[in-house]
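In case you want the letters, here they are:
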Amino acid sequence: MPRPRESMGTVTLVPMARRPGDAFPWERLLADDAAGDGVPDAHRASWVLPAVPSSTSRARRLVRAALRDWAGSAAGEVPEVAELLVSELVANVLRHGRGEPVLTLLLRDGVLRCEVEDEARVPLRVRDRSPDDDEGGRGLLIVESLSRSWGVRPTSRGKAVWFELAVP
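Cut-offs and rules
Residues numbered from 1 in each chain as written. Predicted model: local features only at pLDDT ≥ 70, side-chain atom pairs only at ≥ 80, totals over all residues. Heavy atoms only, no water. Pairing = 2+ DSSP bridges. Helix = DSSP H or I, 4+ residues; strand = E, 2+ residues; numbered from the N terminus. Axes fitted to C-alpha atoms, helices over the stretch in contact; angles between N-to-C directions. Contact = heavy atoms within 4.5 Å. Buried < 20%, exposed > 50% of the residue type's maximum accessible area, 1.4 Å probe, protein only. Salt bridge = Lys/Arg side-chain N within 4 Å of Asp/Glu carboxyl O. Phe/Tyr/Trp six-rings, centres within 6.5 Å; stacked < 30°, edge-to-face > 60°. Lys NZ or Arg CZ within 6 Å of the ring centre and 35° of its normal.

*Asks:* With reference to specific residues and values, describe the sheet that holds strand β3 (residues 42-48).
*Replies:* Here we have five strands laid out as an open sheet, ordered β3-β4-β5-β7-β6, and antiparallel in their pairing. Edge positions in the sheet fall to β3 and β6 (149-154), since each has one partner strand and no second. Ignoring strand direction, the axes of neighbouring strands in this sheet form an average angle of 15°. In terms of strand pairing, β3 meets strand β4 (residues 102-108) through seven bridges, oriented antiparallel. Pairing of W47 across the sheet is with L103, part of β4. Contacts from helix α1 (residues 55-71) reach β3, β4 and β5 (111-118), with the element oriented near 20° to β4.

*Asks:* Residues and numbers for the pairing of strand β7 (residues 159-166), please.
*Replies:* Of all the eight residues making up β7, seven are buried; the element is thus mostly covered by neighbouring parts of the structure. Pairing of β5 with β7 involves eight bridges; the strand directions are antiparallel. From the neighbouring strand, C114 faces β7, where its bridge partner is F163. In terms of strand pairing, β6 meets β7 through six bridges, oriented antiparallel. When the sheet's bridge partners are listed, R153 is paired in β7 with A160. The hairpin turn running from β6 into β7, its antiparallel successor, is four residues long.

*Asks:* I'd like a rundown of the pattern of salt bridges, residues and numbers included.
*Replies:* For the coordinates displayed, the defined rule picks out seven salt bridges. R108 is the partner of D109 in a salt bridge, and the nearest nitrogen-oxygen pair spans 3.9 Å. The class for D109 is exposed, based on a relative accessible area of 66%. Across the salt bridge formed by E164 and R113, the nearest N and O atoms sit 3.2 Å from each other. Here R113 lies in strand β5 and E164 lies in strand β7, a separation of 51 residues in the sequence. Each member of the salt-bridge network shares a partner with another, and the members are R113, R148 and E164.

*Asks:* Describe the packing of aromatic side chains, listing the residues and the values that go with them.
*Replies:* Enumeration according to the criterion identifies zero aromatic pairs in this entry. Taking NZ or CZ as reference, R113 lies 4.0 Å from the ring centre of W162, over its face.

Following this line, the structure appears as structure tokens:
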């Protein structure tokens with residue numbers, strides 16, 4: 001299956017392959033995997049996004065296109081929720097992280113896992129739910145509320161924030 005691509009004027013986002021040593025901890029590596037990517041019966045795509053504000057909207061379009069290609073109309077409301085949550089994670093990297101965000105999508109066994117990696121090793125902080133707080137800083141609360149699960153994992157580059165959604 002071809003992977004989604006998006007043109008950005010003079011810059012083209014090209015899906016990048018994960019290195020074998022950089023697999024998600026929950027992925028199984030199988031010797032008989034025909035695709036050679038270590039994950040059987042899965043759809044996977046990764047993109048390096050420029051560290052510019054417009055990458056948030058580009059990430060939403062990439063998610064929408066990938067899910068349309070992989071799940072079609074069977075995905076239900078998942079694309080809209082995934083777009084919103086990916087926007088939050090990419091915006092966090094652009095605001096608080098370092099380097100170019102790497103967006104990775106994996107759809108396997110009815111679960112969509114979205115991950116945004118950056119070069120910062122600073123731990124994340126979920127804000128209080130206090131109504132007196134300002135309007136900003138609630139992105140991770142949204143991720144927590146709308147996803148099936150979410151978390152942070154260290155990477156060789158820094159850290160990756162991920163979430164999972166069930167796909168019907």
